[in-house]
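# Survey of secondary and tertiary structure
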Amino acid sequence: MNEIDYNSLWLPYTQMQTANKPLKAAKTLGSRIILEDGKELVDGIASWWTACHGYNHPYIIQKAQKQLEIMPHIMFGGIVHQPALELSKRLCNILPGDLNKVFFSDSGSVSVEVALKIAVQFWINHNKKQKNKILSFFGGYHGDTFATMAICDPIEGMHSLFKNVITKQPVLPLPVPAHSKADFEKFLEKNHNNLAAIIIEPLVQGAGGMIFHTPETLQYLNKQCKRYDLLFILDEIFTGFGRTGSFFACDQADIIPDIITLSKALTGGTMALAATVTNDLIYNAFLSTQYEMALMHGPTFMGNPLGCACANASLDVFEQYSWRSNVEQIQFQLEKELAPCRNLPLVKNVRVLGAIGVVELYKLNDLEQLKQEFIKANVWIRPFRTIIYLTPAFTISPKDLSLLTHTIYNVLKHWQ
Ligand SMILES: *Cc1c(COP(=O)(O)O)cnc(C)c1O
């Protein structure tokens with residue numbers, strides 16, 4: 001194999017001195033990543049959970065090509081276009097309840113930044129400036145920018161490294177089990193006058209540790225938000241678009257947030273696009289004859305027509321196959337085939353929800369070596385800390401999924 005010269009690149013979440021060399025992808029297809037040397041990997045994580053229908057979906061590509069010829073991009077200030085008009089309507093139609101105002105952006109972190117800005121300014125516009133803190137939870141992940149770092153899990157978000165730079169925000173343990181609710185409510189009782197909102201990733205805290213909680217927990221938090229006059233922000237960037245078995249995770253709790261953030265699978269894994277969606281109550285608080293009351297935000301590439309066209313195409317694709325039964329099948333197969341991992345001494349927990357399968361270890365001494373073992377077995381799985389997880393495309397074949405689950409079992413079985 002030719003040496004890859006990647007000296008001009010700085011890779012994400014990578015200790016560049018000690019990490020394995022990156023692989024060089026040549027093309028993708030379905031659930032496969034084809035490397036330049038011809039090696040084929042079965043993708044177990046759908047490119048960070050984006051490629052929900054598999055790579056290179058012909059329908060999405062066709063729609064993208066058409067949009068590319070007409071208008072790949074145009075500024076969104078003072079100009080709208082059909083792909084964004086259509087997408088905003090469609091998102092409002094599939095989102096629960098009264099969520100009916102869409103603010104587009106270009107990445108998940110920015111869509112969360114926008115959600116935080118909307119929440120804080122909502123209270124400013126209501127003359128309650130002191131309600132400006134955002135409550136979040138241990139195990140959470142909401143992005144890598146400075147405002148979002150402050151609401152991530154303190155260790156994962158590297159709060160201590162940046163403690164003199166980031167705005168300090170209250171981060172609490174999720175109030176489960178039930179007995180911790182008293183402490184949680186005591187905190188709200190004392191601090192609600194300084195809180196703008198609570199933010200959580202519903203049902204599954206993803207990048208912070210693939211930690212599951214119940215719909216009841218969400219219903220409880222929703223109730224506390226109402227009780228203490230806090231906005232409820234759901235970050236569905238990971239869970240949105242079918243990943244947990246319902247179209248949105250909040251559907252399973254039958255709750256309607258005040259603000260929701262979407263990205264990752266929004267375009268079926270083809271283009272960078274994100275959205276922050278809210279309701280009339282919040283939107284109306286920004287209406288005034290005064291300019292200062294408006295939302296002063298506008299990413300250069302917001303509402304990118306090519307991205308919106310891909311998102312519309314991805315929503316079409318959801319209507320073209322029975323993705324729900326695919327996710328059910330995947331859940332069933334993950335449960336069955338990951339179950340034997342429970343008998344391995346280094347495995348702490350195996351859990352499955354929708355098309356998410358997690359094998360959590362007690363500890364892992366050599367993460368880089370583990371990644372190498374997976375590649376050797378022709379699968380693409382990216383464990384982090386003590387978490388090995390699968391989030392395949394909903395269109396993955398049972399055979400490819402078996403290769404993923406069996407590889408995890410076999411590698412762990414022989415792990416020294
Ligand atoms: C990935 C992710 C983000 C950040 O999105 P980026 O596009 O990487 O900025 C935020 N919240 C959740 C829940 C995510 O999974």
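Before any of the text, the structure's been laid out above.
None of these values were measured; they are calculated from a predicted model.

One can describe the packing of helix 6 (residues 181-191) onto helix 7 (residues 215-227) by two numbers: an axis separation of 11 Å at closest approach and a directional angle of 25°. Considering their axes alone, helix 6 and helix 7 lie roughly parallel with respect to each other. The two elements helix 6 and helix 7 meet at a crossing, and its hand is right-handed. On the side of helix 6, the interface is formed by Lys-181, Phe-184, Glu-185 and Leu-188, while helix 7 contributes Tyr-220, Leu-221, Gln-224 and Arg-227.

A word on the packing of aromatic side chains. In total, this model carries 16 aromatic pairs according to the counting rule given. Between the aromatic rings of Phe-146 and Phe-162, the centroid separation amounts to 5.8 Å while the plane-to-plane angle is 90°, which identifies the pairing as edge-to-face. Separated by 16 residues along the polypeptide, Phe-146 in helix 5 (residues 146-149) and Phe-162 in the loop between helix 5 and strand 6 (171-172) bring together distant segments of the chain. Classification of Phe-146 by relative accessible area gives partly exposed; the value is 46%. By relative accessible area, which is 27% here, Phe-162 ends up partly exposed. With a centroid separation of 5.6 Å and an interplanar angle of 75°, the aromatic rings of Phe-241 and Phe-247 are classed as edge-to-face. Each member of the aromatic cluster is reached from another via a ring pair, and the members are Phe-241, Phe-247, Phe-248, Phe-318 and Trp-323. Across the ring face of Phe-212, the terminal group of Arg-351 is positioned such that the distance to the ring centre comes to 5.7 Å.

Taken together, Trp-49, Ser-107, Gly-108, Ser-109, Tyr-141, His-142, Gly-143, Glu-201, Asp-235, Ile-237, Phe-238 and Lys-264 form the complete shell of residues around the ligand. Gly-108 has a polar backbone atom sitting 2.8 Å from an oxygen atom of the ligand. Here Asp-235 contributes a side-chain N or O atom positioned 2.7 Å from a nitrogen atom of the ligand. In isolation the ligand offers 380 Å² of accessible surface; the protein chains occlude 84% of this area. Residues that form the shell around the ligand fall into these classes: four nonpolar, five polar and three charged.

We now examine the environment of Ala-19. The topology assignment puts Ala-19 in the segment before strand 1 (25-29). According to the relative accessible area criterion, Ala-19 is partly exposed, its value standing at 22%. Distance from Ala-19 to Gln-369, taken between C-alpha atoms, is 9.6 Å for residues 350 residues apart in sequence.

This next bit is on the nonpolar core. Ranked by size, the top nonpolar core spans 114 residues in total, and within it Phe-241, Val-359, Ile-408 and Leu-412 carry the most contacts. Sort the elements by how many residues they give to this core and helix 4 (residues 108-125) lands first, with nine residues. Contacts of Phe-241, omitting those with residues within four sequence positions, involve Leu-91, Phe-247, Phe-248, Leu-262, Ser-263, Ala-265, Leu-266, Leu-315, Phe-318 and Phe-394. Among the nonpolar cores identified, the runner-up in size contains six residues, and Ile-33, Leu-41, Ala-46 and Tyr-55 belong to it.

The next subject is the sheet that holds strand 16 (residues 387-390). Strand order in this open sheet of three strands is 13-14-16, and the pairing throughout is antiparallel. The strands lining the two open edges of the sheet, one partner per strand, are strand 13 (347-353) and strand 16. The sheet shows a mean angle of 15° between the axes of neighbouring strands, taken without regard to direction. Sheet topology note: the strand 14 (residues 356-361)/strand 16 ladder contains four bridges and is antiparallel. Within strand 16, the position partnered with Val-359 by the bridge is Ile-388. Those strands touched by helix 10 (residues 323-338) are strand 13, strand 14 and strand 16, and its axis lies near 165° from that of strand 13. Here helix 12 (residues 398-413) sits on the sheet in contact with strand 13, strand 14 and strand 16, set at roughly 160° to strand 16.

Pairing is mixed across the open sheet formed by four strands, whose spatial order is 1-2-3-15. The two strands at the open ends of the sheet, each matched to only one other strand, are strand 1 and strand 15 (379-380). Direction of pairing for strand 1 relative to strand 2 (residues 32-35): antiparallel, over a ladder of four bridges. Directly across from Ala-25, in strand 2, lies its bridge partner Leu-35. Its contacts with the sheet place helix 12 against strand 2, strand 3 (40-43) and strand 15, and it is angled at close to 85° to strand 3.

The next thing to look at is unusual backbone geometry. For the bond from Val-176 to Pro-177, the omega torsion is -5°, close enough to zero to count as cis. With respect to the helices and strands, Pro-177 occurs in the loop between strand 6 and helix 6. The backbone of Phe-241 shows a phi angle near 65°, a positive value even though the residue is not glycine. Assignment of secondary structure puts Phe-241 in the loop between strand 10 (231-235) and strand 11 (259-262). You can call Phe-241 buried: its relative accessible area is 1%. Non-glycine residue Asn-378 carries a positive phi angle of around 65°. Note that Asn-378 resides in the loop between helix 11 (367-376) and strand 15. Of the residues examined, Asn-378 reaches a relative accessible area of 31% and is grouped as partly exposed.

Rules of the game
Residues numbered from 1 in each chain as written. Predicted model: local features only at pLDDT ≥ 70, side-chain atom pairs only at ≥ 80, totals over all residues. Heavy atoms only, no water. Axes fitted to C-alpha atoms, helices over the stretch in contact; angles between N-to-C directions. Helix = DSSP H or I, 4+ residues; strand = E, 2+ residues; numbered from the N terminus. Parallel < 35°, antiparallel > 145°, perpendicular 65-115°, else oblique. Left-handed = near helix turned anticlockwise from the far one by under 90°. Contact = heavy atoms within 4.5 Å. Phe/Tyr/Trp six-rings, centres within 6.5 Å; stacked < 30°, edge-to-face > 60°. Buried < 20%, exposed > 50% of the residue type's maximum accessible area, 1.4 Å probe, protein only. Lys NZ or Arg CZ within 6 Å of the ring centre and 35° of its normal. Near = heavy atom within 4 Å. Polar contact = N/O pair within 3.5 Å; in protein donor to acceptor, adjacent residues only side chain to side chain. Areas by Shrake-Rupley, 256 points an atom, 1.4 Å probe, with all protein chains shown as cover. Nonpolar A, V, L, I, M, F, W, Y, C, P; charged D, E, K, R; others polar. Core = buried A, V, L, I, M, F, W, Y, C linked by side-chain atoms within 4.5 Å. Pairing = 2+ DSSP bridges.

Geometric descriptors of this kind do not, in isolation, establish any biological role.
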